[in-house]
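Each chain is listed here by its residues.
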Amino acid sequence: METRAAAPRRLIIAITGATGAIYGIRLLETLRRLGGVETHLLISSAGWLNIQHELQLGKEDVHPLADVVHSVRDVGASIASGSFATDGMIVAPCSMKTLASVAHGLSDNLITRAADVTLKERRRLVLMVRETPFNLAHLRNMTAVTEMGGIVFPPLPAFYNQPASIDEMVDHTVARVLDLFALGPALSPAWPGLRDASAE
Ligand SMILES: Cc1cc2nc3c(=O)[nH]c(=O)nc-3n(C[C@H](O)[C@H](O)[C@H](O)COP(=O)(O)O)c2cc1C
């Protein structure tokens, strides 16, 4: 009997023009370090603005972090089709504009098309939305994406792990996001519980 080879593990990473480009870059660095996952990278033009402004990085620094780099205009790319198997997609960070396009199924560039495909194929879509404060359109769009099966994951730092640096804060958030894809052993340590002496 003919056997089918196991599908390679693949993740689509998109960086859009919200502040926090470090999250997308750290995701790529972490996946490269862990190995075993083919990464497909998309960066919007506003995403590039923020990468250059916040991190002083250029294409020569960022492109080698991914296995495949797609142009946002290339709506005929492999990842524009549901027949191309992936484990899902992370938009890190996700602007309110990209959130709105995904919420309304616009598919107006390869980022929003790949997100649309991820949702229609019932694969995992994580949007690391970043804005503050939120207006009603933002909140409604987050609700719509959640209703469609997407995960809205604003990169809010945790303090219970007592981070000593921005790097530790970013790493903690990135580990939590990647753990949603169950790519291997958990990256973020399980919360051991806190003893509340007053409750005894
Ligand atoms: C320095 C800078 C910071 C920005 N930060 C945010 C942000 O935190 N959240 C957001 O929704 N948009 C932010 N924007 C605006 C988006 O970049 C803009 O709406 C853009 O059209 C988003 O397009 P994209 O989703 O295709 O990347 C920022 C823009 C700049 C230049």
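Parameters and conventions
- Residue numbers here run from 1 along each chain, matching the order of that chain's written sequence.
- Given that the model is predicted, a residue must reach a pLDDT of at least 70 before its local features are reported, and side-chain atom pairs must reach 80 or more before they are shown or counted; all residues, however, enter totals for whole chains, interfaces and linings.
- Side-chain measures here rest on the full set of heavy atoms in the structure, leaving out hydrogens and waters.
- UniProt positions are given in the numbering used here, feature names are shortened, and annotations may be inferred rather than shown by experiment.
- Secondary structure counts use DSSP, requiring at least four H or I residues in a row for a helix and at least two E residues in a row for a strand, with both numbered from the N terminus.
- For this measure, only C-alpha atoms enter the radius of gyration; the expected value for a globule follows 2.2 Å times N^0.38, where N is the number of residues.
- A simple rule labels every residue: compare its accessible area, found with a 1.4 Å probe on the protein chains alone, to the largest value its type can have, and call it buried under 20%, exposed over 50%, or partly exposed in between.
- Whether two residues are in contact is decided by their heavy atoms, any of which lying within 4.5 Å being enough.
- The accessible surface values rely on the Shrake-Rupley method and a 1.4 Å probe; as for residues, cover is taken only from the protein chains in view.
- When charges are counted, Lys and Arg are positive and Asp and Glu negative, with His and the chain ends excluded.
- Here the site of a charge means NZ on Lys, CZ on Arg, CG on Asp, or CD on Glu.
- Paired strands, as defined in this entry, are two strands with at least two bridges between them according to DSSP.
- The definition of a polar contact used here is a pair of N or O atoms within 3.5 Å, where within protein one atom must be able to donate a hydrogen and the other to accept one, and adjacent residues in sequence count solely through side-chain atom pairs.
- Axes, fitted as lines to C-alpha atoms, cover a helix only where it is in contact. Angles between the N-to-C directions of the axes lie from 0 to 180 degrees.
- Geometric relationships in this document are graded by angle, where less than 35 degrees denotes roughly parallel, more than 145 denotes roughly antiparallel, 65 to 115 denotes roughly perpendicular, and other angles denote oblique.
- Any residue that is not Ala, Val, Leu, Ile, Met, Phe, Trp, Tyr, Cys, Pro, Asp, Glu, Lys or Arg is counted as polar, Gly included; the first ten are nonpolar and the last four charged.
- Put simply, the grid is 1 Å and covers the protein atoms alone, a cavity is a trapped set of points that fit a 1.4 Å probe, a pocket is an open set with protein on both sides within 12 Å along at least five of seven lines, and lining residues have an atom within 4 Å of a point.
- Grid points are joined across faces, edges and corners, and a volume is the space filled by probe spheres set on the points.

In the annotation of an unreviewed UniProt entry, the entry for the protein reads Flavin prenyltransferase UbiX, and the organism field reads Paraburkholderia phenazinium. Database annotation for the protein, UniProt heading Function (unreviewed entry): "Flavin prenyltransferase that catalyzes the synthesis of the prenylated FMN cofactor (prenyl-FMN) for 4-hydroxy-3-polyprenylbenzoic acid decarboxylase UbiD. The prenyltransferase is metal-independent and links a dimethylallyl moiety from dimethylallyl monophosphate (DMAP) to the flavin N5 and C6 atoms of FMN." As recorded by UniProt, the Catalytic activity (unreviewed entry) comment attached to the protein reads in full: "dimethylallyl phosphate + FMNH2 = prenylated FMNH2 + phosphate".

Chemist: It is not clear to me how the overall build of the protein should be interpreted in this structure. Could you clarify?
Modeler: Looking only at helices and strands, the protein features seven helices and six strands. Beginning at the N terminus, the succession of helices and strands in the protein can be written as β-α-β-α-α-β-β-α-α-β-α-β-α. Compactness check: the protein gives a C-alpha radius of gyration of 17 Å against a globular reference of 16 Å for 200 residues, within 12% of the reference. Taken across its 200 residues, the protein has 44% of its residues classed as buried. Looking at the protein alone, contacts between residues at least 24 apart form 77% of all its contacts between residues at least 6 apart. When the accessible surface of the protein is split by element, carbon and sulfur atoms take 54% of a total near 10800 Å². Averaging the locations of the 18 positively and 20 negatively charged side chains of the protein gives two centres separated by 5 Å.

Chemist: Would you mind showing me how to read the pairing of strand E5 (residues 124-129) here?
Modeler: Every regular strand shows the same layout, with side chains that alternate between the two sheet faces. Extensive coverage of E5 is indicated by the burial of five of its six residues. Here strand E4 (residues 88-94) pairs with E5 via five bridges, running parallel. Bridge pairing in E5 links Ile90 to Val126. As paired strands, E5 and strand E6 (residues 151-152) are joined by two bridges and run parallel to one another. When the sheet's bridge partners are listed, Leu127 is paired in E6 with Val152.

Chemist: Help me understand the environment of Arg26 in this model?
Modeler: Structurally, Arg26 is set in helix H1 (residues 21-34). Between the alpha carbons of Arg26 and Thr98 there is a distance of 20 Å; along the sequence they are 72 residues apart. Beyond its immediate stretch of four places on either side in the chain, Arg26 contacts Asp167, Val170, Asp171 and Val174. Within the local environment of Arg26, its side chain forms a polar contact with the side chain of Asp167, the two groups lying 2.8 Å apart.

Chemist: Got a minute to help me understand the packing of H1 against helix H2 (residues 45-55) in this structure?
Modeler: Two quantities define a packed helix pair, namely the angle between the axes and the distance from one axis to the other. Running from N to C, H1 and H2 point in directions that differ by 90°, and their axes come no closer than 9 Å. As summarised for this structure, H1 and H2 are arranged roughly perpendicular, according to the angle between their axes. Along its contact with H1, which presents Ala21, Ile22 and Ile25, the element H2 presents Asn50, Ile51, Glu54 and Leu55. The residue inventory of the contact of H1 with H2, partitioned by class, reads five nonpolar, one polar and one charged.

Chemist: Would you mind showing me how to read the layout of surface pockets here?
Modeler: If a probe the size of a water molecule is rolled over the atoms, the empty space left behind becomes visible. Counted as a void, the largest pocket has a volume near 360 Å³. Lining the largest pocket are 20 residues, with Ile43, Ser44, Ser45, Trp48 and Val72 positioned closest to its centre. Mapped by element, the contributors of at least two residues to the lining of the largest pocket are strand E2 (38-43), H2 and helix H4 (96-103). A per-element tally of the lining of the largest pocket places H2 first, with three residues. Grouping the constituent residues of the lining of the largest pocket by class yields seven nonpolar, 10 polar and three charged. Contributing to the lining of the second largest pocket are 13 residues, with Tyr160, Asn161, His172, Ser188 and Pro189 lying nearest its centre.

Chemist: It is not clear to me how the UniProt feature "binding site: dimethylallyl phosphate" (unreviewed entry) in the protein should be interpreted in this structure. Could you clarify?
Modeler: The residues that UniProt annotates with the feature "binding site: dimethylallyl phosphate" (unreviewed entry) are Tyr160 and Arg176. In three dimensions, the annotated residues from a span of 17 residues occupy one location, with a maximal C-alpha spread of 13.9 Å. Within the annotated group just given, the residues that line the second largest pocket are Tyr160 and Arg176. On the secondary structure map, Tyr160 appears in the loop between E6 and helix H7 (166-179). When sequence neighbours within four positions are dropped, the list of residues in contact with Tyr160 reads His172, Arg176 and Trp191. Among the structural elements, Arg176 can be located in helix H7. Residue Arg176 is classed as partly exposed on the basis of its relative accessible area, which comes to 40%. Each residue touching Arg176, except ones within four places of it in the same chain, is listed here: Phe153, Tyr160 and Ser188. Of note is the side chain of Arg176, whose polar atom sits 3.4 Å from the side chain of Tyr160.

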